[in-house]
Amino acid sequence: MKVPLLDLKLQFSTIEGEIRAAIDELLQSQRFILGPAVSDFEKEIAGYCGAEHAVGVSSGTDAILISLMALGIGAGDEVITTPYTFFSTAGCISRVGARPVFVDIDARTFNINPERIETAITEKTRAILPVHLFGQCAEMEGILELAAKHDIRVIEDAAQAIGAKYKGRGAGTMGNLGCFSFFPSKNLGGFGDGGMVVTNDAALAEKIAVLRTHGSKPKYFHSMIGGNFRLDAIQAAILRVKLSHLDAWTEKRRQNASVYDQLLKELPVVTPHIEEYNFSIFNQYVIRVQRRDELMSFLKEKEVGCAIYYPLPLDLQRCYEHLGYRKGDFPESERAAAESLSIPVFPELTEEQLRYVVEQIGLFLQREPSHSAAK
Ligand SMILES: *Cc1c(COP(=O)(O)O)cnc(C)c1O
């Protein structure tokens with residue numbers, strides 16, 4: 001049996017008519033830059049997340065970048081974040097000229113550990129940038145308390161967490177700014193790149209809207225230096241269709257996750273730990289195992305898609321050598337990078353496929369450790 005990590009063709013086949021109609025309508029209008037497709041989608045995302053404002057941008061990365069720009073963060077500033085995330089979280093901090101300051105994760109949730117944040121705060125700290133990894137919100141209460149106490153801002157990297165909730169509050173709406181990605185493999189994925197910034201701060205929303213078109217307001221008059229950070233109207237038209245299906249897809253992902261939770265209970269595998277007050281959207285279902293690399297090769301042989309998110313913590317990346325971190329600085333991130341494996345959880349999976357994945361993991365775990373692993 002073949003079980004891919006993600007199958008977007010399957011999803012497309014269920015909504016193809018609606019998508020083609022939406023694209024056709026946009027083609028007829030020839031309004032490709034901003035316009036009603038983008039502004040309608042912004043209102044819908046704001047409503048969906050429970051934020052007052054939303055500004056469509058060119059990618060999740062650009063959502064983070066423009067958020068840092070809007071807060072005026074730059075040279076000489078520090079931003080606290082997690083080393084166990086996609087590169088763009090830290091990359092954006094560096095690109096505005098600030099310094100990423102890493103804080104280790106909580107071993108159970110893979111998210112930044114708020115108890116370790118306070119000692120990392122200095123007089124240069126301007127913001128905390130938590131990531132809601134794999135679809136589960138970071139421990140926001142502790143983060144928001146520290147931010148209030150030290151008068152620093154919070155930008156949520158909610159690229160993997162659209163629709164997730166923390167104690168009833170929407171991912172992206174708890175800090176000053178929240179960033180979403182519509183990269184095709186995200187739970188709400190476009191047909192290319194796209195992103196969104198949400199906020200309850202009207203002034204920040206306005207600033208981001210101006211920055212996304214070269215800081216120009218009115219046209220050809222520039223009080224700020226922005227860039228071209230616009231969300232394409234054609235992506236917005238497609239994403240509006242997909243948004244109407246998102247809750248049903250999320251429900252399916254959650255059901256798949258709970259089937260795995262049950263079936264994997266019998267095996268020596270660590271399944272995802274979701275705090276009881278969190279509503280995870282399971283962008284990834286990530287297990288932890290000792291012989292991870294061997295399991296991955298075994299599953300690939302059996303045609304089960306799987307992937308490592310992420311194999312090397314950001315503090316140990318070559319481009320960050322100059323920051324001076326060393327192996328051992330963030331042991332939980334390093335352990336997670338060595339043990340975690342993402343297995344298929346996408347909505348269209350059948351129960352038969354889920355059982356096959358678990359069966360194969362079980363077969364692997366029954367085998368004797370190979371010589372290379374025993375060394
Ligand atoms: C996908 C992702 C991003 C970047 O989004 P793009 O749309 O690919 O630029 C940022 N942070 C995290 C945690 C992500 O998963």
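Computed from a prediction, not measured in an experiment: that's the story for all the values here.

Side chains bearing opposite charge may pair, as long as their charged atoms lie close to each other. Applying the stated criterion across every chain, the model contains 15 salt bridges. In this structure, Glu275 and Arg108 form a salt bridge, with 3.0 Å as the shortest nitrogen-oxygen distance. In this pair, Glu275 sits in the loop between α7 (233–264) and β10 (278–279) while Arg108 sits in the loop between β3 (99–102) and β4 (125–129), placing the two residues 167 residues apart along the sequence. A salt bridge links Glu118 to Lys149; its shortest N-O distance comes to 2.6 Å. Here Glu118 is found in the loop between β3 and β4, whereas its partner Lys149 is found in helix α5 (residues 140–150), with 31 residues between them in sequence. On the basis of relative accessible area, Glu118 is assigned to the partly exposed category, the value being 31%. When salt bridges with common partners are traced through the structure, they connect Asp40, Glu44 and Arg240 into a single cluster.

Here the focus is the sheet that holds β10. An order of β7-β6-β10 is seen for the three strands of this open sheet, with the pairing classed as antiparallel. The sheet is open, and its two borders are formed by β7 (169–170) and β10, each paired with just one other strand. Looking at chain direction, strand β6 (residues 165–166) and β7 are connected through two bridges and run antiparallel. Looking at the pairing, Tyr166 lines up with Arg169 of β7.

Looking now at the site of the ligand. Around the ligand sit 16 residues in total, of which Gly60, Thr61, Asp157, Ser181 and Lys186 are the nearest. With respect to the ligand, the side chain of Gln160 contributes an N or O atom lying 2.8 Å from an oxygen atom. In the environment of the ligand, an oxygen atom lies 2.6 Å from a nitrogen or oxygen atom belonging to the side chain of Ser181. Protein chains bury 93% of the 380 Å² of accessible surface belonging to the ligand in isolation. Spatially, the ligand is embedded in the largest pocket. Of the residues that constitute the shell around the ligand, the class distribution is five nonpolar, nine polar and two charged.

The calculated volume of the largest pocket comes to roughly 490 Å³. Every residue lining the largest pocket is counted, 30 residues in all, and those nearest its centre are Gln160, Phe183, Ser185, Lys186 and Tyr310. When residues in the lining of the largest pocket are grouped by element, the largest group, three residues, is from helix α3 (residues 60–70). Classifying every residue of the lining of the largest pocket gives 14 nonpolar, 12 polar and four charged. Two domains each put at least three residues into the lining of the largest pocket: domain 1 (8–103 + 111–243) and domain 2 (246–374).

Split into domains, the protein comes out as domain 1 (8–103 + 111–243) and domain 2 (246–374). Opposite the 38 residues of domain 1 that make contact, domain 2 presents 32 residues. Summing both partners gives a buried area of about 3,200 Å² for domain 1 against domain 2, and 57% of it is carried by carbon and sulfur. When the buried surface of domain 1 facing domain 2 is broken down by residue, Tyr84, Phe134 and Asn187 rank first, second and third, together holding 24% of it. For the pair domain 1 and domain 2, the number of links is 26 residue pairs in polar contact (both at pLDDT 80 or more). For the side of domain 1 that touches domain 2, the secondary-structure elements that each account for two or more residues are α1 (8–29), α4 (88–95), β3, β6 and α7. Element by element, the count of residues in the side of domain 1 that touches domain 2 is highest for β3, at four residues. Grouping the constituent residues of the side of domain 1 that touches domain 2 by class yields 21 nonpolar, 11 polar and six charged.

This part takes up the side chain of Lys242. Positionally, Lys242 belongs in helix α7. No salt bridge is formed by the buried Lys242; the nearest opposite charge belongs to Glu348, separated by 8.2 Å. Each residue touching Lys242, except ones within four places of it in the same chain, is listed here: Gln11, Ile15, Ile19, Leu188, Gly189, Phe191 and Trp249.

Let us now look at the packing of α3 against helix α6 (residues 202–211). With their axes 10 Å apart at the nearest point, α3 and α6 run at an angle of 115 degrees to one another. For the pair α3 and α6, the crossing hand works out as right-handed. Here Ile66, Met69 and Ala70 of α3 lie close against α6, whose contacting residues are Leu204, Lys207, Ile208 and Leu211. Class assignment for the residues of the contact of α3 with α6 results in six nonpolar, no polar and one charged.

Tallying each qualifying case throughout the model produces two cavities of 30 Å³ or more. Computed from the structure, the largest cavity encloses a volume of approximately 100 Å³. Lining of the largest cavity is provided by 15 residues; of these, Phe110, Phe134, Gln136, Pro272 and Ile274 occupy positions nearest its centre. Looking at which domains feed residues into the lining of the largest cavity, each of domain 1 (8–103 + 111–243) and domain 2 (246–374) supplies at least three. What lines the second largest cavity is a set of 14 residues, and nearest its centre among them are Leu6, Leu8, Gln11, Arg253 and Pro347. Contributing elements (two or more residues each) for the lining of the second largest cavity: α1 and α7. Considering each element in turn, the lining of the second largest cavity owes the most residues, three residues, to α7. Of the residues belonging to the lining of the second largest cavity, the class tally is six nonpolar, three polar and five charged.

Rules and cut-offs
- Residues numbered from 1 in each chain as written.
- Predicted model: local features only at pLDDT ≥ 70, side-chain atom pairs only at ≥ 80, totals over all residues.
- Heavy atoms only, no water.
- Salt bridge = Lys/Arg side-chain N within 4 Å of Asp/Glu carboxyl O.
- Helix = DSSP H or I, 4+ residues; strand = E, 2+ residues; numbered from the N terminus.
- Buried < 20%, exposed > 50% of the residue type's maximum accessible area, 1.4 Å probe, protein only.
- Pairing = 2+ DSSP bridges.
- Near = heavy atom within 4 Å.
- Polar contact = N/O pair within 3.5 Å; in protein donor to acceptor, adjacent residues only side chain to side chain.
- Areas by Shrake-Rupley, 256 points an atom, 1.4 Å probe, with all protein chains shown as cover.
- 1 Å grid on protein atoms, 1.4 Å probe; cavity = no way out; pocket = protein on both sides within 12 Å on 5 of 7 lines; lining within 4 Å.
- Sits in = over half its atoms within 2 Å of the grid points.
- Nonpolar A, V, L, I, M, F, W, Y, C, P; charged D, E, K, R; others polar.
- Points joined across faces, edges and corners; volume = space filled by probe spheres on them.
- Domains from an automatic or database assignment.
- Contact = heavy atoms within 4.5 Å.
- Buried area = accessible area lost by both parts, 1.4 Å probe.
- Lys, Arg positive; Asp, Glu negative; His and termini not counted.
- Axes fitted to C-alpha atoms, helices over the stretch in contact; angles between N-to-C directions.
- Left-handed = near helix turned anticlockwise from the far one by under 90°.

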